[in-house]
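Listed below, chain by chain, are the residues.
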Protein chains: 2
Amino acid sequence: MSQDARLSRVLHVLIHLSLRNRTMSSAEIAKMLSINPVVVRRMMAGLRDRGYLQTTRGSSGGWYMALELDEITVNDVYEALNEPNLLITGLAHDHPTCPVEASVNDMLNNVNAEAELLVLRRYRATTLADLAQDAMKK
Amino acid sequence: MSQDARLSRVLHVLIHLSLRNRTMSSAEIAKMLSINPVVVRRMMAGLRDRGYLQTTRGSSGGWYMALELDEITVNDVYEALNEPNLLITGLAHDHPTCPVEASVNDMLNNVNAEAELLVLRRYRATTLADLAQDAMKK
DNA sequence: TTTATATGTGATAGTGTTTGTTACATTAGG
DNA sequence: CCTAATGTAACAAACACTATCACATATAAA
């Protein structure tokens, strides 16, 4: 399957929005990411709904930050994207009564759950301010 | 994105092949998994190439184990599937010189790498015999 | 030797998710 | 009013796994 770059893109945008401390239109953001403005609006809608961003319509409207970078974690952004799947490895459920299938799937489920926990733990421990500070050092 | 059930399916098949200790045709395996025989042949080809399985063509041909279950790890099977991607979270590479993008991607890369390492460590530590033994207890 | 039955593999379509694009209603500043 | 922005619906494109058909090749068994 293919991959999902929304988290990477949205984090990038949020930090720029905060550093520039001004409103940016979807078109301006889209050009920055080399993607389509409609895709920008779609992927940022959840962040507006959760109060991390605000938008204004009409002329000279656009997107601006509603919180500081240290008030938002990577996990907050991940959840605002509707918590997309993290892992590709899926389970086959063809013989629900087969103990071999159950044993295989239990193992894969455990491994996936551990990996997911690790990722989410890191997401929760990282604020956007941490990322911005890291960027300053480059 | 959608997910990839090949690892789950192949592990299931290998354990059955070994427990039954006989040749099974692609059609028989396909019925067991409720999938198409051609898909079976394709997803098991790498295992044959690596010597975990053998095939015979012609009448009464099919697939049989070439090794014991305790000689194969989950990681061996994963590699025989050509090491498909484990994680969905991808990186955006639109502004290679932007330090913010670099900082975001470094973080995501580190997290992904750690999660992948965890998964592969578990895959390497688990033999098919472990899974079969676990299935016996159910 | 012929026949039936396998695998091996190319070609093409189906499926689900992200991304691309168009279209248009809605909103708001100048 | 006019311009420029968001909000969304609708639908196509891209991508990977899966489904299916077709057929060459191989081989056991009659």
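Predicted model only: the values in this text are computed from it and were never measured.

A. Up close: the nonpolar core. A:Tyr123, A:Leu128, B:Tyr123 and B:Leu128 are the most contacted members of the largest nonpolar core, which totals 90 residues. What A:Tyr123 contacts, discounting residues up to four positions off in sequence, is A:Leu7, A:Thr73, A:Val74, A:Asn75, A:Tyr78, A:Leu86, B:Thr89, B:Leu108 and B:Val111.

B. Up close: the packing of aromatic side chains. Residues and elements named next belong to chain A. Inspection of every chain in the model, using the stated rule, returns two aromatic pairs over all chains. Ring geometry for tyrosine 78 and tyrosine 123: centres 5.8 Å apart, planes at 55 degrees, overall tilted. On the criterion of sequence distance, the pair formed by tyrosine 78 in helix α4 (residues 74-80) and tyrosine 123 in helix α5 (residues 99-125) is long-range, its members being 45 residues apart. The residues tyrosine 78 and tyrosine 123 share a single accessibility class, namely buried.

C. Highlighting the interface of chain A and chain B. Taken together, the contacts link 51 residues of chain A with 51 residues of chain B. In this assembly, chain A packs against chain B so that about 4,700 Å² is buried in total across both faces, 64% of it on carbon and sulfur atoms. The interface formed by chain A and chain B includes four salt bridges. Of the charged contacts in the structure, one is a salt bridge between B:Arg9 and A:Asp94, with a shortest N-O distance of 3.9 Å. Linking chain A to chain B there are 18 residue pairs in polar contact (both at pLDDT 80 or more). Those elements that provide at least two residues to the side of chain A that touches chain B are α1 (6-20), α2 (26-33), α5 and α6 (128-136) of chain A. A per-element tally of the side of chain A that touches chain B places α5(A) first, with 18 residues. Considered class by class, the residues forming the side of chain A that touches chain B number 28 nonpolar, 14 polar and nine charged.

What counts and how
- Chains are numbered independently. Their residues run from 1 in the order of the written sequence.
- All chains are assigned letters beginning at A, and all ligands numbers beginning at 1, according to the order in which they are written.
- Local features in this predicted model are restricted to residues whose pLDDT is 70 or higher, and side-chain atom pairs enter the listing and the counts only when it is 80 or higher, whereas totals over whole chains, interfaces and linings include all residues.
- With hydrogens and water set aside, each side-chain value is computed from the structure's full complement of heavy atoms.
- Here, nonpolar core means buried Ala, Val, Leu, Ile, Met, Phe, Trp, Tyr and Cys residues that are tied together by side-chain atoms lying within 4.5 Å of each other.
- Exposure classes here rest on a 1.4 Å probe applied to the protein chains alone. A residue is buried below 20% of its type maximum, exposed above 50%, and partly exposed in between.
- Working rule for contacts: check all heavy atoms of both residues, and any pair within 4.5 Å makes them a contact.
- The criterion for an aromatic pair is that two Phe, Tyr or Trp rings (for Trp, the six-membered ring) have centres within 6.5 Å, with stacked assigned to planes under 30 degrees apart, edge-to-face to planes over 60 apart and tilted to the rest.
- Numbering of helices and strands runs from the N terminus, with a helix taken as a DSSP run of H or I at least four residues long and a strand as a DSSP run of E at least two residues long.
- In short, buried area is how much 1.4 Å probe accessible area vanishes from two parts on joining, totalled over both.
- Here, a salt bridge means any Lys or Arg side-chain nitrogen found within 4 Å of an Asp or Glu carboxyl oxygen.
- Two N or O atoms form a polar contact when they lie within 3.5 Å of each other; inside protein one atom must be a possible hydrogen donor and the other a possible acceptor, and for residues adjacent in sequence the pair counts only when both atoms belong to side chains.
- Here the nonpolar group is Ala, Val, Leu, Ile, Met, Phe, Trp, Tyr, Cys and Pro; Asp, Glu, Lys and Arg are the charged ones; every other residue, Gly included, is treated as polar.

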